[in-house]
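Here is what each chain is made of, one letter per residue.
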Amino acid sequence: MRTMTRSAVAGLGLAFTMLACGRSTPPEPLPDGLSVVPVVTGLTSPVFLTAPAGDSRLFIVEQPGRIRVVKNGTLLATPFLDIVARVGSGGERGLLGLAFHPQFATNGFFYVNFTDGDGHTRIERFHATPTSDVASATSATLVLGYDQPFSNHNGGMLLFGPDGMLWIGTGDGGSGGDPQDHGQRLNSLLGKMLRIDVAGTPYSVPPDNPYLGTAGARAEIWGTGLRNPWRYAFDRTNGLLYVADVGQNAWEEVHVVPGNPGGVNFGWRIMEGSHCRTAEPCDMTGLNIPVHEYSHADGCSITGGFVYRGNAIPGIRGHYFYSDFCAGFLRSFNLFGGIVVDQREWDVGALGFVTSFGEDASGELYILSTNGTVYRLAAT
């Protein structure tokens, strides 16, 4: 384990207000070290892992268009879902996200985020008998679709928040520098955090969404100013939303905001991290400043993770874990009094190119790599 320089970019405005109601007692001492245990190998481009509430199985998303199941420690040969024929995969495209409905055990619904053969995003709902290891591939219902102007920055994450709403992170549409300014435009779903209610068919807009009723604005929008929020997560204990937004040429960043109220502007393309993107000073009024950032001297593409809330390693509870696709490190930090503290880089050996983190039903953490392996975080 290596202790990093104790530096952090503290949030301004909304971030300070929100973090003031966060942890107020000193964190527990961190363990001397952590390790990773291979859970399954031989996967094809694994990009996400999750599990329904109360379910001991692991569900692993493979980018070409399959969802695999690990049951009782064994990778099942038959995929839970296979939509390879409908997915346009390669580069930043593919089957990118999976979220089980909070009532999956009774309704059998789950949701996927993928790019189709034309490179456009589709959010679809599928159905499975909750105890079955194979879903119905013909049960697809389109929830939301939108065009992608370029091949990169497709976002891909979706999850159910503590409020029961479906949260969808969208990239800015790609190319470089957000040439069409999607991140700041309220009439575009790109470069946003969306929040919808899937209780209806296909969905409705929650009445407390910030832009509902605003002329010219998409009511699904909860937050603006994102470049490519590849991975984000809610803290299971306090409901804070951690958003790891992939940077462009200089800075990678993590924002921490409350689940409500909405209207958060994460700053892109005005800013990259806490820095103006122009030589002239920029107007930071109303922009959410990341609580943590690191330069491209350390990596090139942040892979956001989760706040650990499992039981296997009590000393790291409340710590947020993340990696970088280029650097392959494993790092963590804690929030104390609104400031990032206890930053660590953990010596767990070579992880390869880390594509994602995952969380099982018990809150234990997993790390996914392009080497086809899923690792479980463990104590040394």
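Predicted model only: the values in this text are computed from it and were never measured.

Draft legend 1. Just empty space enclosed by the protein, in detail. Applying the stated criterion across every chain yields a total of two cavities of 30 Å³ or more. A volume near 60 Å³ is recorded for the largest cavity. Surrounding the largest cavity, Gly 225, Arg 227, Asp 245, Val 246, Gly 247, Glu 253, Phe 266, Gly 267, Trp 268, Met 271, Glu 272 and Gly 273 form its lining. Taken together, the residues that form the lining of the largest cavity break down as four nonpolar, four polar and four charged. If you add up the space inside the second largest cavity, you get close to 40 Å³.

Draft legend 2. Representation of the pattern of salt bridges within the structure. Evaluation of the coordinates by the stated rule reveals 15 salt bridges. In this structure, Glu 345 and Arg 331 form a salt bridge, with 2.9 Å as the shortest nitrogen-oxygen distance. Here Arg 331 lies in strand 25 (residues 331-336) and Glu 345 lies in strand 26 (residues 339-345), a separation of 14 residues in the sequence. The residues Glu 345 and Arg 331 share a single accessibility class, namely buried.

Draft legend 3. How the structure looks around the sheet that holds strand 10 (residues 121-127). The four strands lie next to each other as 8-9-10-11, forming an open sheet whose pairing is antiparallel. Edge strands, defined here as strands with exactly one partner in the open sheet, are strand 8 (95-100) and strand 11 (136-146). Here the strands of the sheet are splayed against their neighbours by 25° on average, with no regard to which way each runs.

Draft legend 4. Structural context of the state of the cysteines. Using the criterion set out here, one finds two disulfides in the structure. Paired by a disulfide, Cys 276 and Cys 282 hold their sulfur atoms 2.1 Å apart. Disulfide Cys 276-Cys 282: the torsion about the S-S bond is -80°, which places it as left-handed. Take Cys 276: its relative accessible area is 30%, and that puts it in the partly exposed class. We classify Cys 282 as buried; its relative accessible area is 18%. Paired through a disulfide, Cys 300 and Cys 326 show a sulfur-sulfur distance of 1.6 Å. Placement of Cys 300 in the loop between strand 22 (292-295) and strand 23 (302-303) and of Cys 326 in the loop between strand 24 (320-324) and strand 25 is noted, with a sequence separation of 26 residues between them. For Cys 300, a relative accessible area of 28% gives the class partly exposed. For Cys 326, a relative accessible area of 39% gives the class partly exposed. Across the chain, the way the bonded cysteines pair up, counted in sequence order, is 1-2, 3-4.

Draft legend 5. Molecular detail of the layout of surface pockets. Volume-wise, the largest pocket comes out at about 630 Å³. The set of elements that each furnish at least two residues to the lining of the largest pocket consists of strand 3 (46-50), strand 8, strand 12 (158-160) and strand 16 (231-234). Of the residues that constitute the lining of the largest pocket, the class distribution is 18 nonpolar, five polar and four charged. Of the pockets and cavities examined, the second largest pocket occupies roughly 410 Å³. Surrounding the second largest pocket, 21 residues form its lining, Gly 91, Glu 92, Trp 230, Ser 301 and Phe 325 being those nearest its centre. Listing elements by their share of the lining of the second largest pocket, those giving two or more residues are strand 23 and strand 27 (354-359). Here the lining of the second largest pocket is built from residues that sort into nine nonpolar, 10 polar and two charged.

Draft legend 6. Representation of the side chain of Ser 323. Relative to the helices and strands, Ser 323 is located in strand 24. Look past the residues within four positions of Ser 323 in its chain and what remains in contact with it is Tyr 294, Ser 301, Ile 302, Thr 303, Gly 328, Phe 329, Val 354 and Phe 357.

Draft legend 7. Representation of the sheet that holds strand 16. Read across the open sheet, the four strands follow the order 16-17-18-22; overall the sheet is antiparallel. This sheet does not close on itself; its edge strands, each paired only once, are strand 16 and strand 22. For this sheet, the mean angle separating the axes of adjacent strands, direction not counted, is 10°. By the bridge criterion, five bridges tie strand 17 (residues 241-245) to strand 18 (residues 251-257) in an arrangement that is antiparallel. Counted as the bridge partner of Asp 245 is Glu 253 from strand 18.

What counts and what doesn't
Residues numbered from 1 in each chain as written. Predicted model: local features only at pLDDT ≥ 70, side-chain atom pairs only at ≥ 80, totals over all residues. Heavy atoms only, no water. 1 Å grid on protein atoms, 1.4 Å probe; cavity = no way out; pocket = protein on both sides within 12 Å on 5 of 7 lines; lining within 4 Å. Points joined across faces, edges and corners; volume = space filled by probe spheres on them. Nonpolar A, V, L, I, M, F, W, Y, C, P; charged D, E, K, R; others polar. Salt bridge = Lys/Arg side-chain N within 4 Å of Asp/Glu carboxyl O. Helix = DSSP H or I, 4+ residues; strand = E, 2+ residues; numbered from the N terminus. Buried < 20%, exposed > 50% of the residue type's maximum accessible area, 1.4 Å probe, protein only. Pairing = 2+ DSSP bridges. Axes fitted to C-alpha atoms, helices over the stretch in contact; angles between N-to-C directions. Disulfide = S-S within 2.5 Å. Contact = heavy atoms within 4.5 Å.

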